[in-house]
Amino acid sequence: MPAASFDPAHTRIPPVSLNKERRTVNLIRLTARFGRSYAGEITAVIVLQLVTTLATLYLPDLNADIINNGVAQADVDYIWSVGRTMLLVALLQVAAAVAAMWFASRAAMRTGRDIRTAVYERVSSFDSEDMAHFGTATLITRATNDVQQVQMTFLLFLNFMVAAPIMAVGGIIMALRQDAGMSWLVVTAVIVLTVVVGIIAAVLMPLFKRMQAKLDNINGLLREQIAGIRVVRAFGREDYEAARFAEANQQITRLSLNIGRVFVTMFPVIMLILNLATAAVLWFGGHRVDQGLVEVGSLTAFMQYLMQILMAVMMGVFMLMMLPRAIVCADRVEEVLTHEAGRVAGGSAGAGGAPISKGSVRFADVSYTYPGAEQPVLERVSFEAHPGTTTAIIGATGAGKTTLVGLLPGLYSPSSGQVLIDATPVTAIPREDLVGAVAMVPQKPWLYSGTVASNLRMGKADATDKELWDALRIAQADFVDNLEMPISQGGTNVSGGQRQRLCIARMLVSDAKVYVFDDSFSALDALTEAKLNAAMRETVRDKTVIVVAQKVSSIQHADQILVMEAGRIVARGTHEELLASSETYREIVDSQAEVRA
Ligand SMILES: Nc1ncnc2c1ncn2[C@@H]1O[C@H](COP(=O)(O)OP(=O)(O)OP(=O)(O)O)[C@@H](O)[C@H]1O
Ligand SMILES: [Mg+2]
């Protein structure tokens with residue numbers, strides 16, 4: 001696949017925010033859509049949790065029975081027999097709980113994995129406009145941290161969804177069965193706990209929301225600083241950048257500490273409420289036992305049920321507390337998944353016309369405006385380029401040359417007009433066919449971490465070693481003495497000129513019909529460039545070659561030269577024709593001749 005060169009960092013448009021109702025729905029929709037594949041596991045969780053909860057609810061009842069009928073009557077046999085039942089129920093409870101947890105974790109983790117895969121696949125189909133729409137940093141956070149949050153919430157939900165409601169309702173029924181006279185105590189404890197935990201949750205929610213934004217922020221900052229580390233060093237900006245990072249880091253630390261502080265107070269407060277409830281049960285219940293209104297065993301059971309009810313309420317509130325953060329995250333993930341990917345990227349196999357056999361290129365009245373920009377970068381550009389010919393594009397920096405050639409491999413699509421290859425609009429060519437037909441040496445040459453061989457084979461997966469060596473020889477990449485030579489991410493362990501030559505070799509390996517060089521000789525000295533051109537002549541004989549160049553010397557033998565100025569083609573022809581007809585071209589030639597003189 002030809003590498004695309006784009007730098008979305010400088011065209012960042014904040015993602016559109018969705019309206020509120022859609023947001024909550026997103027979390028449900030996302031987990032439902034991806035969790036559906038694990039219906040088997042989820043059913044198991046439901047059944048097993050039902051078993052666990054019923055066992056949990058049954059135990060205090062048995063306990064009360066032992067105390068009331070065994071201990072109180074001093075009936076040791078009775079104690080033993082009910083005790084055995086209790087032991088069995090407890091074992092069953094533990095086994096079912098462990099199994100439920102196991103299935104829940106499996107379902108949640110796999111759902112998370114599937115969401116991550118979906119995000120990854122969607123992002124891979126983005127063209128540079130889509131990338132610019134989101135920005136790289138947030139896409140990384142969304143694919144990792146945000147999915148993680150959704151996954152954790154889903155796990156929590158699976159663990160509590162059956163247990164909490166049944167435990168709360170069942171606990172209330174069982175408690176009242178033991179002693180209806182103290183129902184007011186249950187009501188009071190539930191209300192107090194709900195209110196207190198609710199207040200804590202209300203404090204935490206906005207903090208969680210802010211946390212997500214801060215994570216995006218520090219992620220973006222780190223990316224920029226690591227990618228630009230050389231510039232930072234060259235300009236002695238270490239202190240400034242360090243301060244910027246320290247500030248972002250400090251903000252996250254402060255926020256985390258605030259969240260931590262709330263958590264720290266939360267647990268003692270909850271324990272206090274639980275203990276107060278116990279004390280109240282003992283106090284009021286004690287009097288009732290004294291008065292003969294209730295048996296000791298029932299009081300013990302009542303207390304245990306109250307604890308279970310309060311635990312269930314807590315689980316529920318915890319769940320609610322996780323929700324806001326998960327909703328924000330699910331929303332951000334959905335935004336990526338539902339983002340209408342670029343028109344070109346949407347081209348699917350089977351669509352469009354005949355397969356690309358020749359590689360004739362035609363631009364018909366093509367205009368292009370970057371998203372969010374006011375002025376078009378390309379205006380009504382028309383030209384044709386045929387197999388076996390070389391078309392050169394020359395023009396001042398910022399004239400729109402890179403934008404123009406970027407339309408060919410479908411990095412973005414024309415705002416108006418059409419780009420056609422073999423008379424088929426690029427937008428209608430299936431993605432796989434298009435990347436096979438157009439190979440490009442991007443202006444910012446990019447290599448992937450791996451080896452020379454792994455990078456070259458991107459152009460053609462099944463290329464033989466001989467083909468790779470041939471391409472390297474033609475591209476004048478004589479510094480390579482081993483195909484397994486390691487390449488670091490971005491190709492930072494080779495020089496700019498070496499990187500350019502490796503990218504040229506990568507393009508030569510591919511069987512593409514259209515070869516695009518975007519300013520690919522800029523880092524080559526004149527002698528190397530001449531040797532490269534001579535060596536390439538045979539390889540590109542039947543290709544449609546499009547060369548963007550700054551130096552007239554690189555292009556003067558081209559079959560046609562297009563002179564660009566501010567997004568328009570202002571003159572076209574061969575070197576000689578242009579010398580005679582175009583003032584702009586003469587100026588370019590003169591400016592370069594002067595240097596030589
Ligand atoms: N991603 C982008 N978003 C918005 N505007 C952009 C983007 N990329 C380029 N431009 C603008 O489009 C114009 C043309 O850029 P382009 O990269 O096509 O020029 P170029 O002719 O290749 O220049 P150079 O010779 O320096 O490579 C420039 O004015 C630039 O500011
Ligand atoms: Mg350019």
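Structure shown above.
Residues numbered from 1 in each chain as written. Chains lettered and ligands numbered in written order. Predicted model: local features only at pLDDT ≥ 70, side-chain atom pairs only at ≥ 80, totals over all residues. Heavy atoms only, no water.

## Describing the overall build of the protein chain
Rule in force here: To qualify as a helix, a DSSP run of H or I must reach at least 4 residues; to qualify as a strand, a run of E must reach at least 2; elements of each kind are numbered from the N terminus. Atoms considered for the radius of gyration are the C-alpha atoms alone. The globule rule reads 2.2 Å times the number of residues to the power 0.38. Working rule for contacts: check all heavy atoms of both residues, and any pair within 4.5 Å makes them a contact. Accessibility throughout is a Shrake-Rupley quantity obtained with a 1.4 Å probe, and a residue counts as covered only by protein chains that appear here.
Within the protein chain, the regular secondary structure consists of 19 helices and 12 strands. The C-alpha atoms of the protein chain give 35 Å as radius of gyration, which overshoots the globular expectation for 597 residues (25 Å, by more than 25%). For the C-alpha atoms alone, the extent of the protein chain along its principal axes is close to 120 × 45 × 45 Å. At a minimum sequence separation of 6, the contacts of the protein chain that also span at least 24 residues come to 78%. As presented, the protein chain carries roughly 28800 Å² of accessible surface, and 62% of it is formed by carbon and sulfur atoms.

## A few points about the pattern of salt bridges
If charged atoms from side chains of opposite charge come close, those side chains can pair. Quick reminder of the rule: Salt bridges, as used here, are contacts in which a Lys or Arg side-chain nitrogen is within 4 Å of a carboxyl oxygen on Asp or Glu. Only protein chains enter the calculation, and the probe is 1.4 Å; a residue is then buried if its accessible area is under 20% of its type maximum, exposed if over 50%, and partly exposed in between.
Counting across every chain of the model gives 21 salt bridges. A salt bridge links Glu 41 to Arg 106; the shortest N-O distance between them is 3.3 Å. Separated by 65 residues along the polypeptide, Glu 41 in helix H2 (residues 39–71) and Arg 106 in helix H3 (residues 76–124) bring together distant segments of the chain. Using a relative accessible area of 28% as the deciding quantity, one classes Arg 106 as partly exposed. For Asp 114, the salt bridge is made with Arg 113, and the minimal N-O distance between the two is 3.3 Å. Several salt bridges share partner residues, and in doing so they unite Arg 29, Arg 33 and Glu 334 into one network.

## What about helix H16 (residues 526–539)?
What counts, and what does not: By definition here, a helix of n residues has an expected span of 1.5 Å times n minus one. Within this analysis, the arc is defined by the directions that extend from the helix axis to the C-beta atoms.
The terminal C-alpha atoms of H16 lie 20 Å apart, and with 14 residues this matches the ideal 20 Å at 1.5 Å per residue to within 8%. The set of residues buried in H16 consists of Thr 528, Glu 529, Leu 532 and Met 536. Take H16 and look down its axis: the buried residues cluster within an arc of 95 degrees, on one side only. Facing away from the buried side of H16, by more than 90 degrees, are the exposed residues Ala 526, Leu 527, Arg 537 and Glu 538. In this fold, the buried residues of H16 make contact with helix H14 (465–474), helix H15 (496–509), strand S9 (514–518) and helix H17 (552–555).

## Things to note about helix H6 (residues 163–178)
Between its first and last C-alpha atoms H6 spans 21 Å; for 16 residues at 1.5 Å apiece the expected length is 22 Å, and the two agree. Within the sequence span of H6, burial applies to Ala 163, Ala 164, Met 167, Ala 168, Gly 170, Gly 171, Met 174, Ala 175 and Gln 178. Packed against the buried residues of H6 are H2, helix H5 (136–160) and helix H10 (296–337).

## Overview of the coordination of the magnesium ion (ligand 2)
Tetrahedral coordination by four donors puts the ideal angle at the metal at 109.5 degrees, and octahedral coordination by six puts it at 90 or 180 degrees. For clarity, the cut-off: Counted as donors are the N, O and S atoms within 2.8 Å of the metal, or 3.2 Å for Na, K and Ca, while water is not among the atoms, so some sites may look incomplete.
Summarising the metal site, the magnesium ion (ligand 2) is bound by the protein donors Thr 402 (OG1) and Gln 443 (OE1), whose distances to it range over 1.8 to 2.2 Å. Taken together, the residues span a long stretch of sequence, with Thr 402 in helix H11 (residues 401–406) and Gln 443 in the loop between strand S6 (438–441) and strand S7 (450–451) at a distance of 41 residues. For Thr 402, a relative accessible area of 28% corresponds to the partly exposed category. Residue Gln 443 is classed as partly exposed on the basis of its relative accessible area of 34%.

## Details of a nonpolar patch on the surface
Our working rule: The patches reported here contain residues having more than 30% relative accessible area and no salt bridge. Joining distances are 9 Å for like charges and 5 Å for nonpolar side chains (Val, Leu, Ile, Met, Phe, Trp, Tyr).
There is a patch of nonpolar side chains on the surface, built from Val 187, Ile 191, Val 195, Ile 199 and Val 203 and spanning about 430 Å² of accessible area. Inspection of the secondary structure assignment puts Val 187 in helix H7 (residues 183–227). By relative accessible area, which is 47% here, Val 187 ends up partly exposed.

## A closer look at the pairing of strand S11 (residues 560–565)
A regular strand places its side chains on the two faces of the sheet in alternate fashion. Filter applied, for reference: Pairing between strands requires that DSSP locate at least two bridges from one strand to the other.
Across the 6 residues of S11, 5 count as buried, placing the element largely inside the fold. One ladder, built from 5 bridges, connects strand S3 (residues 390–395) with S11; its direction is parallel. By the bridge assignment for S11, Thr 391 is matched with Gln 560. Alignment of S11 against strand S12 (residues 568–573), held across 5 bridges, turns out to be antiparallel. Directly across from Val 563, in S12, lies its bridge partner Ala 571.

## A short note on unusual backbone geometry
With a phi angle near 55 degrees, Asp 365 is a residue other than glycine that sits in the positive phi range. Positionally, Asp 365 belongs in strand S1 (residues 361–368). For Asp 365, a relative accessible area of 32% translates into the label partly exposed. One non-glycine residue, Ala 423, lies in positive phi territory at about 70 degrees. Summarising the element assignment, Ala 423 is placed in the loop between strand S4 (416–421) and strand S5 (424–425).

## So, the site of ligand 1
For clarity, the threshold we go by: Each residue is tested against the molecule or strand, and it is near if at least one of its non-hydrogen atoms lies within 4 Å. Two N or O atoms count as a polar contact when they lie within 3.5 Å, although within protein this holds only if one can serve as hydrogen donor and the other as acceptor, and sequence-adjacent residues are included solely when both atoms are side-chain atoms.
Near ligand 1, the surroundings consist of 13 residues, among which Thr 397, Lys 401, Thr 402, Thr 403 and Gln 443 are the closest. Thr 397 places a polar side-chain atom, nitrogen or oxygen, 2.6 Å from an oxygen atom of ligand 1. Contact distances for ligand 1 include 2.5 Å between an oxygen atom and a side-chain N or O atom of Thr 403. When isolated, ligand 1 has an accessible area of 640 Å², and the protein chains bury 68% of it.

## Quick word on the environment of Arg 113
Within the element layout of this structure, Arg 113 appears in helix H3. In sequence terms Arg 113 and Gln 375 are 262 residues apart; their C-alpha atoms lie 42 Å from each other. Once residues lying within four places of it in the same chain are set aside, the contact partners of Arg 113 are Tyr 38 and Gln 151. In this structure the side chain of Arg 113 is engaged in a polar contact, spanning 3.3 Å, whose partner is the side chain of Asp 114.

## Observations concerning the pairing of strand S10 (residues 544–549)
Let me state the cut-off plainly: Note on handedness: a clockwise path from strand one over the helix to strand two, with the strands aimed away from the viewer, defines a right-handed crossover.
S10 sits mainly inside the fold: 6 of its 6 residues count as buried. Burial along S10 is two-sided: Thr 544, Ile 546 and Val 548 and Val 545, Val 547 and Ala 549, pointing in opposite directions, are all buried. In the sheet, S3 pairs with S10 via 5 bridges, with the strands oriented parallel. Each bridged residue has a counterpart across the sheet, and for Thr 390 the counterpart in S10 is Val 545. Relative to S10, S9 runs parallel, the two being bridged by 5 bridges. Bridge pairing in S10 places Val 516 opposite Ile 546. In terms of handedness, the path from S9 via H16 over to S10 forms a crossover that is right-handed.

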